[in-house]
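# Residue-level structure breakdown
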Amino acid sequence: MRYLTYQFHEYRQRRQAAHRWRQLQLTDWANCSFHRNDYLGLSQHPQVIAAFAQGLSDYGCGSGGSPLVCGYQQPHHNLVRQLAEWLERDTAVLFSSGFAANQSALKALGALYDQLLLDRLCHASLLEGLGRRNWRRFPHNDVKAVRRLLKPGANLVITESVFSMDGDYAPLAELALLPTDLWVDDAHGIGLLGPDGRGAAALLPDPQAMLTIPFGKAIGVMGAALVGGRAELEHIVNSGREFIYSTAMPAAQAAAVSAAITILQTTEGERLRQQLQQRIALFQQLCQQYGIPLQASEHPIQTIVLGADEQALDWGKNLAEQGIACGVIRPPTVPVGTARLRITISALHHEDELKQLVEGMARCLIN
Ligand SMILES: Cc1ncc(COP(=O)(O)O)c(C=O)c1O
């Protein structure tokens, strides 16, 4: 793209001056790593790996095309049925990513509503590409503001069960009582919250509320589903461009996701959730002992808000030099002046690793 060289150079200089130039890193997972959303370690689970391997052997690597052209294979069908039963919704539609699922629903359904109301801290995938016409953002988790903003006609409230940059929870039960449709992105709740890890579905009495279920967090694989009522999902199958014009996830991947969901519903899943809670409690206790200023969160997403971008970068660099990897999150992902370390705890973290992390942060505090 030689005709854009100047634009690229200028953009890069601007981002670098603001400490916001991003670069991909080669990650050594043998390191003490606290930046993965694989909260229960299912990406490494032998049954999930075996299901993926068996799927590869049975169906090959790729699905071959768009789901409307090539159809679903048996593992896709099984996964759809499993999701609908587990989450007590009519049906599900599968996507290659949570980003694609959110974009598809936003574009295919969003335009039909008189008004969309989105929480101010909603993930980028719920905002990208929204037209100017019919949407507003409401102050974070403010149910009174939502009630005030509702208009006559069809409203859709869009929120997340757990907010990805703070680890705090949405007031889902209260939102579900409002006279509006509700759509909840359950990226960070599925597998962790509620009985059998059913996430937001267990917390929402209204089976009409639509859910986004990304598979790349506690489920440990990748891809996503929209799960909800038959009418809206049939509409998305017919008009959701990210669904229609994109290659379906491989059948092997669907088989791996199914295996992970099966584990979530067993006593092993329950044990992993309990183990995760123990690890979170230990981490919080160690932070208190060492005077690390953690934001309140019961979720494996734990954050230390440091303010200026440079300070967050310094902490990230200092920790990396000590062999510890964690997320350094800066604007525009979070509001200006709230750059932070984002630490994700996993059920598989050893106590020694948590201690190493907190001691590493204590060194950053002194420097
Ligand atoms: C709340 C939320 N929604 C959607 C996504 C996108 O999911 P995926 O990574 O499957 O595209 C993410 C990913 O970070 C997320 O945190």
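Quick look at the structure, then. All residue numbers refer to position in the chain's written sequence, counted from 1. Residues qualify for local features only when their pLDDT is at least 70, as the model is predicted, and side-chain atom pairs are given and counted only at 80 or more; totals for whole chains, interfaces and linings, by contrast, use all residues. Side-chain descriptors were evaluated using all non-hydrogen atoms of the structure, hydrogens and water having been removed beforehand.

## Regarding the overall build of the protein
Scanning the protein for helices and strands turns up 14 helices and eleven strands. Radius of gyration means the value over C-alpha atoms here, while the globule rule gives 2.2 Å times the residue count to the 0.38 power. Whereas a compact globule of 367 residues would reach a radius of gyration of roughly 21 Å, the protein reaches 21 Å, a difference of no more than 12%. Only protein chains enter the accessibility calculation, which uses a 1.4 Å probe; a residue is then buried when its area is under 20% of its type maximum, exposed when over 50%, and partly exposed in between. Counting the 367 residues in the protein, one finds 53% classified as buried. In this description, contact between two residues means that some pair of their heavy atoms is separated by no more than 4.5 Å. Long-range pairs, those at least 24 residues apart, make up 70% of the contacts in the protein with a sequence separation of at least 6. Looking at the protein as shown, the accessible area adds up to about 17500 Å², and 53% of this sits on carbon and sulfur atoms. Computing the positive centroid from 32 side-chain charges and the negative centroid from 34, the protein places the two 8 Å apart. What counts as a helix is a DSSP run of H or I of at least four residues, what counts as a strand is a run of E of at least two, and both are numbered from the N terminus. Using a 1.4 Å probe, the Shrake-Rupley method yields the accessible areas, and only the shown protein chains count as cover for residues. Here Asp and Glu are counted as negative and Lys and Arg as positive; His is not counted, and neither are the chain ends. Charge positions come from single atoms, namely NZ of Lys, CZ of Arg, CG of Asp or CD of Glu.

## Quick word on the pairing of strand β11 (residues 339–344)
Along β11, six of the six residues are buried, which leaves the element largely enclosed by surrounding structure. By the alternation rule, side chains of β11 split into Ala339, Leu341 and Ile343 and Arg340, Arg342 and Thr344, which are all buried. One ladder, built from three bridges, connects strand β10 (residues 324–329) with β11; its direction is antiparallel. Across the sheet, Gly327 pairs through a bridge with Arg342, a residue of β11. Note on pairing: DSSP must find at least two bridges between two strands before they are called paired.

## Considerations on the pattern of salt bridges
We count a salt bridge whenever a side-chain nitrogen from Lys or Arg sits within 4 Å of a carboxyl oxygen from Asp or Glu. Across all of its chains, the model carries nine salt bridges by this definition. Notably, a salt bridge pairs Asp38 with Arg36, separated by 3.9 Å at the nearest N-O pair. By relative accessible area, which is 8% here, Asp38 ends up buried. Here Arg36 falls in the partly exposed class, since its relative accessible area comes to 24%. Taking the shortest distance from any N to any O, the salt bridge between Lys107 and Glu242 comes out at 2.7 Å. Of the two residues, Lys107 sits in helix α5 (residues 98–110) while Glu242 sits in helix α10 (residues 241–244), which places them 135 residues apart along the sequence. Under the relative-accessibility criterion, Lys107 is labelled partly exposed at 44%.

## Some words on a nonpolar patch on the surface
Excluding any residue in a salt bridge, patches collect residues exceeding 30% relative accessible area, merging like charges within 9 Å and nonpolar Val, Leu, Ile, Met, Phe, Trp and Tyr side chains within 5 Å. On the surface, Met1, Tyr3, Leu4 and Phe8 cluster together into a nonpolar patch covering about 540 Å² of accessible area. Among the secondary structure elements, Leu4 is positioned in the segment before α1 (5–17).

## Thoughts on the environment of Ile261
When you line up the elements, Ile261 lands in helix α11 (residues 251–264). Of the residues examined, Ile261 reaches a relative accessible area of 0% and is grouped as buried. For the pair formed by Ile261 and Arg198, sequence separation is 63 residues and the distance between their alpha carbons is 9.6 Å. When sequence neighbours within four positions are dropped, the list of residues in contact with Ile261 reads Leu79, Gln82, Leu83, Trp86 and Ile219.

## Let's talk about the sheet that holds β10
Spatially, β1-β10-β11-β9 is the arrangement adopted by the four strands of the open sheet, whose pairing is mixed. Two strands close off the open sheet at either side, each with one partner strand: β1 (32–34) and β9 (301–307). Recorded for the sheet is a direction-independent mean angle of 30° between the axes of neighbouring strands. Pairing between β1 and β10: three bridges, direction parallel. Note that in β10 the partner of Phe34 across the bridge is Cys326. All axes here are fitted lines through C-alpha atoms, helices being fitted over the stretch that makes contact, and every angle between N-to-C directions spans 0 to 180 degrees. Contacts between helix α13 (residues 309–321) and the sheet are confined to β9, β10 and β11, with β11 contributing the most and set at about 35° to the helix. Of the strands in this sheet, β1, β9, β10 and β11 are in contact with helix α14 (residues 351–366), which crosses β1 at around 80°.

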